[in-house]
Amino acid sequence: MIGLIAATAAGAAARDRLAAAWPDRTRVYGGPVADAVRAAFAECDRLVCFLATGAVVRLVAPLLAGKASDPGVVCVDEAGRFAVSLLGGHGGGANELAREVGEVLGAEPVVTTATDAVGLPGLDTLGLPVEGDVAAVSRALLDGEPVALRAEVTWPLPPLPVAAEGAYTVRVTDRLAEPADGEAVLRPPTLVVGVGASKGAPVEEVLALVEDALREAGLSRASVAELATVDAKAGEPGLVEAARRLGVPLVTYPAGELARVAVPNPSDAPLSAVGTPSVAEAAALVGGGELVVPKRKSAGSPAMATCAVVRRPGRGRLAVVGLGPGARDLLTPRARDELRRASVLVGLDQYVDQIRDLLRPGTRVLESGLGAEEERARTAVAEARRGQAVALIGSGDAGVYAMASPALAEASDDIDVIGVPGVTAALAAGALLGAPLGHDHVSISLSDLHTPWEVIERRVRAAAEADLVVTFYNPRSRGRDWQLPKALALLAGHRAPATPVGVVRNASRADESVRLTTLAALDPATVDMMTVVTVGNTATRQIAGRMVTPRGYRWQEEAR
């Protein structure tokens, strides 16, 4: 919950705007400001104070308990110009909250955390438990000192400017080990603990079994991702409470699914009780991985619980990112986030140049030239399979005549794939032309490099007969100069010579050009590969110099 506190009418007005925007996330605190801050500090995860930073410093200073427990605090000035991350920038979430507040109120977020200021991900913001000399290692990263990465397990980390050797180390492990001097240890959630239990098994017996198994195997409790068991035990109090105390979900599977998992230690007891010869080992292994602790029983007499531990390797992450038509302000916030999240970037060299300044230090860039689409697709998937966080970029929307299709054809279900939509050329051009796509429309590429012309021609003819607005991608190049005239002739067999046609080159870029002509007047020689051509249907009109395809609303028809 986010506590909102204001002292003046101007502050209260901004506070109420935020409360209206986030009704389920916020709570307004009234009364004397000191009392309101004290109450919100104790009850909320984060605070937004519409007060001067100095006043908030004096109010919260007596309340501070520690970096790990204090809520994040954001200050907004009376004029609503700035949202200042004052306290708990990383651990308390104030940095991200300042950015969110800025979006709602139109304020400039002010974030002074050192790693954020220079574009480095904070070690305490990676979503993983972190131990050891975090401050010293972070300072070394900031100062450009060599920091080594020791990844004992794979995990798709964001980019870090690490070296092969160094006086400081970032260690990624699920092993139970004390951090050395100058070492920060990240604990990824790689361990799945399968558990079985008799009815009424005490939570203390379950927890003692799990913790003993982890400790004796040299594994960290902080890397446990979940407890897993059979559906029949989903409500078993001892298991439910054990998961709660460990801070992980209790995941359950049908007995029939567990029965199909090959295990080294099957038993007749669970088969007769719940319908599967294994609960602990099968539940841990059902998602794959390495069995690092075979089934063991608890110390009770009789033993009322069993457990087994599996290490699942971190799944690589492939984000397929559309960069939009070229203008920086048409690159979506989600695309920016994914570019900064990726430790490996794969893309066409000219697209990489567009966004190189957005990449974080330590990002590995794999770029290639025109015609290397197959290489880029396979490279991106291969890097993700190595457990990396990969961004594969394309112009416009990466799923429209771009890299998403070939990459996903190469990918299997052993990696996570995230699609990030972008503003495709048809939409960027349509916005410049007016509203040519206001009714049913189709996009057709005229490149016969990958599609036989006979197929393209059949599609153009179908669009012409269906009276669809058509946007032509890849309309003409020096080596392909006859396809566009042929396609226009097919459309002309079903549409009047005066049908509006929009010609947009380099939409949203500095040298963009926009022309509105007609089907009869369009000269194909003025079109190239940087152009999209939008041909209207029989209803499309030129209105006030704009290309408009009516939606067909009844109220518009009645007004004529």
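Residues numbered from 1 in each chain as written. Predicted model: local features only at pLDDT ≥ 70, side-chain atom pairs only at ≥ 80, totals over all residues. Heavy atoms only, no water.

Q: Would you mind going over the overall build of the chain in detail, with residue names and values included?
A: Looking only at helices and strands, the chain has 19 helices and 28 strands in total. Expressed as lengths along the three principal axes of its C-alpha atoms, the size of the chain is roughly 90 × 65 × 55 Å. Here the chain, with 560 residues, has 46% of them falling under the buried criterion. Just so you have it, the chain exposes about 25,800 Å², and 52% of that area is on carbon and sulfur atoms. Counting 57 positive and 66 negative side-chain charges, the chain places the averaged centre of each group 3 Å from the other. (Helix = DSSP H or I, 4+ residues; strand = E, 2+ residues; numbered from the N terminus. Buried < 20%, exposed > 50% of the residue type's maximum accessible area, 1.4 Å probe, protein only. Areas by Shrake-Rupley, 256 points an atom, 1.4 Å probe, with all protein chains shown as cover. Lys, Arg positive; Asp, Glu negative; His and termini not counted. Charge placed at Lys NZ, Arg CZ, Asp CG, Glu CD.)

Q: I'd like to hear about the state of the cysteines, residue by residue, with values.
A: Tallied over the full model, the rule gives zero disulfides. The closest cysteine sulfur to the non-disulfide-bonded C44 is located on C49, 10 Å from its own sulfur. Take C44: its relative accessible area is 7%, and that puts it in the buried class. (Disulfide = S-S within 2.5 Å.)

Q: So what about the nonpolar core? Which residues, and what values?
A: The nonpolar side chains of a soluble globular protein tend to be buried with one another. In terms of nonpolar packing, the biggest core is built from 24 residues, with V193, V195, L214, L227 and V309 touching the most fellow members. For this core, the element with the highest residue contribution is helix α7 (residues 203–216), accounting for seven residues. In contact with V193, other than residues within four places in its own chain, are V210, V224, E226, L227, A228, C307, A308 and V309. By size, the runner-up hydrophobic cluster in this structure holds 21 residues, among which are L446, V470, L491 and V501. (Core = buried A, V, L, I, M, F, W, Y, C linked by side-chain atoms within 4.5 Å. Contact = heavy atoms within 4.5 Å.)

Q: Run through the sheet that holds strand β6 (residues 108–110), naming residues and quoting values.
A: Pairing is mixed across the open sheet formed by six strands, whose spatial order is β2-β1-β3-β4-β5-β6. Two strands bound the open sheet, and with one partner strand each, they are β2 (26–29) and β6. The average undirected angle you get between the axes of adjacent strands in this sheet is 25°. Inspection of the sheet shows strand β3 (residues 46–50) paired to strand β4 (residues 72–76) by four bridges, in the parallel sense. (Pairing = 2+ DSSP bridges. Axes fitted to C-alpha atoms, helices over the stretch in contact; angles between N-to-C directions.)

Q: Which residues make up the environment of T229, and what values do they have?
A: Looking at the secondary structure, you find T229 in strand β12 (residues 224–230). Counting along the chain gives 257 residues from T229 to K486, while the straight-line C-alpha distance between them is 64 Å. In this view, T229 contacts V195, G196, L239, L250, V251, T252, Y253, L258, V279 and A283; residues no more than four positions away in its chain are not counted.

Q: Give a description of the sheet that holds strand β11 (residues 191–197) that names residues and reports values.
A: Spatially, β13-β12-β11-β15-β14 is the arrangement adopted by the five strands of the open sheet, whose pairing is mixed. Lying at the two open borders of the sheet, with one neighbouring strand each, are β13 (250–253) and β14 (290–297). Neighbour-to-neighbour, the strand axes of the sheet open up by a mean angle of 25°, direction not taken into account. As defined by bridge partners, β12 adjoins β13 across four bridges and the pair is classed as parallel.

Q: Give a detailed account of the layout of surface pockets, specifying residues and quantitative values.
A: Unoccupied space between atoms shows up once a probe the size of one water molecule is rolled over them. Estimates place the volume of the largest pocket at around 1,600 Å³. If you go around the largest pocket, you meet 45 residues; those closest to its centre are Y351, S395, Y401, N474 and M529. Broken down by secondary-structure element, the contributors of at least two residues to the lining of the largest pocket are α13 (349–355), α14 (373–385), β19 (389–394), α15 (404–410), β22 (441–445), α17 (453–465) and β26 (531–535). Among the residues making up the lining of the largest pocket, the classes are represented as 22 nonpolar, 17 polar and six charged. One number sums up the size of the second largest pocket: a volume of about 1,100 Å³. If you go around the second largest pocket, you meet 32 residues; those closest to its centre are E96, R99, D337, R340 and R360. (1 Å grid on protein atoms, 1.4 Å probe; cavity = no way out; pocket = protein on both sides within 12 Å on 5 of 7 lines; lining within 4 Å. Points joined across faces, edges and corners; volume = space filled by probe spheres on them. Nonpolar A, V, L, I, M, F, W, Y, C, P; charged D, E, K, R; others polar.)

Q: Which residues make up the side chain of N537, and what are the values?
A: Locating N537 in the fold gives a position in the loop between β26 and β27 (541–543). The exposure class of N537 is buried, given its relative accessible area of 7%. At 3.4 Å, the side chain of N537 and the backbone oxygen of D467 are in polar contact. When residues no more than four places from it in sequence are discounted, the contact partners of N537 are D467, L468, V469, R495, T499 and T549. (Polar contact = N/O pair within 3.5 Å; in protein donor to acceptor, adjacent residues only side chain to side chain.)

Q: Got a sec to walk through the pairing of strand β16 (residues 317–322)? Specific residues and values, please.
A: Side-chain positions along a regular strand alternate between the two faces of the sheet. In terms of residue burial, β16 counts as a mostly covered element, since six of its six residues are buried. The alternating pattern of β16 places R317, A319 and V321 on one face and L318, V320 and G322 on the opposite face, and all of these are buried. Relative to β19, β16 runs parallel, the two sharing six bridges. Note on β19: the bridge partner recorded for G322 is G394. As paired elements, β16 and strand β20 (residues 416–420) share five bridges and run parallel to each other. Of the residues in β20, the one forming a bridge with V321 is V420.

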